[in-house]
Amino acid sequence: MRLLTVIFCLVSLSSCFTDLENNIKTSETPQSMEEVFDSYWSNMNSNYLYWDIDSTNWDLVYKTYKPLFKNLDINDEPDIQKSIDYFKIITAHLVDGHYQIHFNSKVLTYPQIINPSLIKKQSDISFREPYNFQDLAKVYLDSGFKEGFDFSSSGNGQKLSVLSGLINESILYFSCNNFYLNNAHSSNTSEVKLVMDYFFSILNNSRAEPKSLIFDFRGNNGGQIGDLNFLIGRLIDRPLHYGYSKAKFGSGKFDYTPWIKAYINPLHVDEVNYHPKIVVLIDSKTASTAELASLALKEFPQSILVGEKTYGATGPLVSKEIYSYGSFVLDGFMNVQTSSAGFMSKTGDTYEGVGISPNFSVMFNIDSIAAGRDMQLEKAIEVIKL
Amino acid sequence: MRTPIIYWAIVFLTNHIIIAQPFLGFTTGITLNHSKQEKVNSFKVKTQSGLLFGTQIQLALKKKISLNSGVYFAQKNYSIQNSSIPTKSAIKFINSYLQIPLGFQINLISKKDISLKCESGTYISYWMLSRSKGRAPNIFDTRPAVDADGNIIENVTIAFYNKRNDFSKKLDKRIEAGLLLGSSLILYQDPCIFFVKLLLSQGLTSQEKDHSINVNHKFNQTLSIEFGVLRKIRLNP
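By convention here, each chain's residues receive numbers from 1 onward along its written sequence. Just so you know, chain letters begin at A and ligand numbers begin at 1, following the order they were written in. Only residues with pLDDT of 70 or above have their local features reported here, since the model is predicted, and side-chain atom pairs are shown and tallied only from 80 upward, although totals for entire chains, interfaces and linings are computed over all residues. In computing side-chain properties, one takes all heavy atoms of the structure into account and sets aside hydrogens as well as water.

(A) Structural context of the sheet that holds strand 9 (residues 278-282) of chain A. Residues and elements named next belong to chain A. Should DSSP find at least two bridges between two strands, the strands are taken to pair. Every helix listed is a DSSP run of H or I at least four residues long, and every strand listed is a run of E at least two residues long, numbered separately from the N terminus. Spatially, seven strands are ordered 3-4-5-6-9-10-14 in an open sheet, and the strand pairing comes out mixed. In this open sheet, the two strands that pair with only one neighbour each are strand 3 (146-150) and strand 14 (360-361). Contacts between residues were defined by any pair of non-hydrogen atoms, one from each residue, lying within 4.5 Å. Geometry is summarised by axes, namely lines fitted to C-alpha atoms with helices restricted to the contacting stretch, and by angles between N-to-C directions that run from 0 to 180 degrees. Lying on the sheet, helix 8 (residues 191-205) is in contact with strand 3, strand 4 (160-167), strand 5 (171-176) and strand 6 (212-216); it crosses strand 4 at an angle near 30 degrees.

Listed below in structure tokens is the structure:
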């Protein structure tokens, strides 16, 4: 009887075999809207990083939108516009803060972009355009502060604006609106190099007695991750473990590397004997590398985050030479930008699509700014004096 | 169609087991496993070796036919590598199974105490443990260095890891069933049998559940080379 059971089980299990029957036709150069949808859906299925935490029901997307795309014509502009409207709905709840689709079909009169996280934030009542705090911060700086600009370091014409100075001769202030600092510093003609050298010289001189630091990352939309070593690596004498990262690896939707430790590495071998009090200013426009910098600085013993909750885009955009998953292209129709790796803090929190909350919340206040006061910077100075 | 096959198989077995001469012993060897799966991006799936050992029971049903079974520990390892990137990232999956084979051996050639047999049958196995051992680029751990012009450059480091994987009820199918095909070279030294066996097993069930549309299923294909010894058991002393 046992033998009968075993044989029956074996035969039954054999019948569970399902062949790799794949009716989803993918192409890098789609010729129809059905192919566009199949290729997009399939590429997202394998390349998108956040399926383990994303609330979007990707199977339901397939079932719902496949028939709709089938009825669209790839050579008809109104139909492509309709597809862009569908893509807006499909991507509306994706958690990836870096996610963007650039539509570049020749049939379109002008290229179009979908940025789901921005659309989501624009619908919030507290949404505002980025504000340049550096002009206001200068009011609080002692005379002799340095500021500089650079338009070439980012490689895409984005303006890098850096400001550094002392507040009451005891607090060292540093602000940058993106992280292309090392690139700019490499150029001898860059104004940014002068500001950075000024900041580093005061930082080095202050080793004799502990001083306080304010890093102002408000409005900083990120940049090169290597800048974390360039900037924060000067404050440490041993690797600083500040979180974990993971990337996709393998053929499955949920195939990942394990969580791997993230480090800031020291720039010098000299021992750092001072432990300054650090305040990091953040706001709703602080994104990407600036969020990572904030989390890294948060690991210092006496550090505090002041301001608003950050944007929530902590995954880096890295070339496929390093990570094989992330952004992909459907030639002649769309470029999809999506994170190549995920980030988790040392405490096990993920901030993608959520943002990092400050220790002291001070909301953006346009009336105070109009009156010439930076309430967030004032709070930072107050916290340091505590 | 299946019902008559099962019926005749049971009739055949029950008729013969009564008169069968049992042998019991141990076997050990190596496995070479490949994971058949759809290729995504620039990854290549590579065959990896593993260990195999267990106890084996053989029932000599007729002069030329015997039934083989037992309980095995078998590793079905494989690796995936990305050869297109400079870092050559790779993961080796070390998968340990508890396997129960059921195969029929038929004598092909016999000469004195040596015989060559072919074997075919089926197996069922349980996926007990899974480990990932690999290297991956870590953009979150770059090392500053100074280039020839005195500028600071950042080199991406490679992270090495070796981690036990947790199974997911939603994603992982831990019971595997498949088919066996192989051959054995046997030396009789009464009351023992020494053998060398080459066996190919093909998983018919994948390692993944159908958790979503277009699941990329992974099927184990394992070649095992076994060495073992069996001893005759006297049922009526």
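Now, onward.
(B) Here's a closer look at the packing of helix 3 (residues 58-70) of chain A against helix 4 (residues 77-91) of chain A. All names here are of chain A. For the pair helix 3 and helix 4, interaxial distance at closest approach is 11 Å and the crossing angle is 170 degrees. By the angle class used here, helix 3 and helix 4 are roughly antiparallel. Together, Trp58, Val61, Tyr65, Leu68 and Phe69 of helix 3 and Ser83, Tyr86, Phe87, Ile89 and Ile90 of helix 4 make up the contact between the two elements. Ten residue types, Ala, Val, Leu, Ile, Met, Phe, Trp, Tyr, Cys and Pro, are classed as nonpolar, four, Asp, Glu, Lys and Arg, as charged, and the remainder, Gly among them, as polar. Considering only residue class, the contact of helix 3 with helix 4 consists of nine nonpolar, one polar and no charged. When describing relative orientation, an angle under 35 degrees is termed roughly parallel and one over 145 degrees roughly antiparallel, while 65 to 115 degrees is termed roughly perpendicular and anything else oblique.

(C) Quick look at the interface of chain A and chain B. At the junction of the two partners, chain A supplies 60 residues and chain B supplies 53 residues. Accessible-area loss on putting two parts together, using a 1.4 Å probe and summing over both, is the definition of buried area adopted here. Both sides together, the interface formed by chain A and chain B hides about 4,800 Å², and carbon and sulfur atoms give 69% of it. Here, a salt bridge means any side-chain nitrogen of Lys or Arg that lies within 4 Å of a carboxyl oxygen of Asp or Glu. Our enumeration of links across chain A and chain B arrives at one salt bridge. Among the salt bridges present, the one from B:Lys218 reaches A:Asp255, with a minimum N-O distance of 2.8 Å. Each polar contact in these results corresponds to two N or O atoms within 3.5 Å; when the atoms are within protein, one needs to be able to donate a hydrogen and the other to accept it, and residues that are neighboring in sequence are counted only if both atoms are side-chain atoms. The tally of links from chain A across to chain B stands at 10 residue pairs in polar contact (both at pLDDT 80 or more). Elements supplying a minimum of two residues to the side of chain A that touches chain B: helix 1 (2-14), helix 2 (33-47), helix 3, helix 7 (181-186), helix 9 (227-232), strand 7 (240-247), strand 8 (260-264) and strand 13 (341-345) of chain A. Tallied by class, the residues present in the side of chain A that touches chain B amount to 32 nonpolar, 20 polar and eight charged.

(D) Representation of a nonpolar patch on the surface within the structure. Residues and elements named next belong to chain B. A patch consists of residues exposed above 30% relative accessible area that lack any salt bridge, with like charges linked at up to 9 Å and nonpolar side chains (Val, Leu, Ile, Met, Phe, Trp, Tyr) linked at up to 5 Å. Note that accessible areas follow from Shrake-Rupley with a 1.4 Å probe, and for residues the cover is restricted to the protein chains shown. Where nonpolar side chains cluster on the molecular surface, the patch consists of Ile114, Leu185, Leu187, Phe194, Val196 and Phe227 and spans about 510 Å² of accessible area. When residues of the nonpolar patch are traced back to their parent elements, those giving at least two are strand 8 (175-189) and strand 9 (192-203). Counting through the fold element by element, Ile114 comes out in strand 6 (residues 114-146).

(E) Expanded view of the environment of A:Ser327. Residues and elements named next belong to chain A. In this fold, Ser327 is placed in the loop between strand 10 (303-307) and strand 11 (328-330). Any residue under 20% of the maximum accessible area for its type is buried, any over 50% is exposed, and the rest in between are partly exposed; the area is computed with a 1.4 Å probe on protein chains only. Accessibility expressed as a relative area gives 31% for Ser327, which makes it partly exposed. Ser327 sits 280 residues away from Asn47 along the chain, and the two C-alpha atoms are 7.2 Å apart. Among the polar contacts made by the side chain of Ser327, one reaches the main-chain amide nitrogen of Thr338 at a distance of 3.1 Å.

(F) Inspection of the nonpolar core at higher detail. Residue and element names in this part refer to chain A. Formed by 57 residues in total, the largest nonpolar core has its most connected members in Leu181, Phe215, Phe217, Leu231, Ile232 and Leu235. Sort the elements by how many residues they give to this core and helix 8 lands first, with eight residues. Excluding residues within four positions of it along the chain, Ile232 makes contact with Asp227, Ile264, Ala293, Ala296, Leu297 and Phe300. Only buried residues count toward a nonpolar core, which is a set of Ala, Val, Leu, Ile, Met, Phe, Trp, Tyr and Cys residues joined through side-chain atoms within 4.5 Å. Met44, Tyr62, Ile74 and Ile80 belong to the second largest nonpolar core, which has 37 residues in total.

(G) The sheet that holds strand 7 of chain A, seen in detail. Residue and element names in this part refer to chain A. The antiparallel open sheet is built from three strands, whose spatial order is 8-7-13. The sheet terminates laterally at strand 8 and strand 13, the two strands that pair on one side only. Recorded for the sheet is a direction-independent mean angle of 40 degrees between the axes of neighbouring strands. Here five bridges tie strand 7 to strand 13, and the two strands are oriented antiparallel to one another. Note on strand 13: the bridge partner recorded for Ser245 is Phe343.

(H) Highlighting the pairing of strand 3 (residues 65-75) of chain B. All names here are of chain B. Across the 11 residues of strand 3, nine count as buried, placing the element largely inside the fold. Alignment of strand 2 (residues 43-60) against strand 3, held across nine bridges, turns out to be antiparallel. Of the residues in strand 3, the one forming a bridge with Thr55 is Val71. Between strand 2 and strand 3, which pair antiparallel one after the other, the connecting turn spans four residues. In terms of strand pairing, strand 3 meets strand 5 (residues 90-111) through nine bridges, oriented antiparallel. Among the inter-strand pairings, Ser69 is bridged to a residue of strand 5, identified as Leu102.

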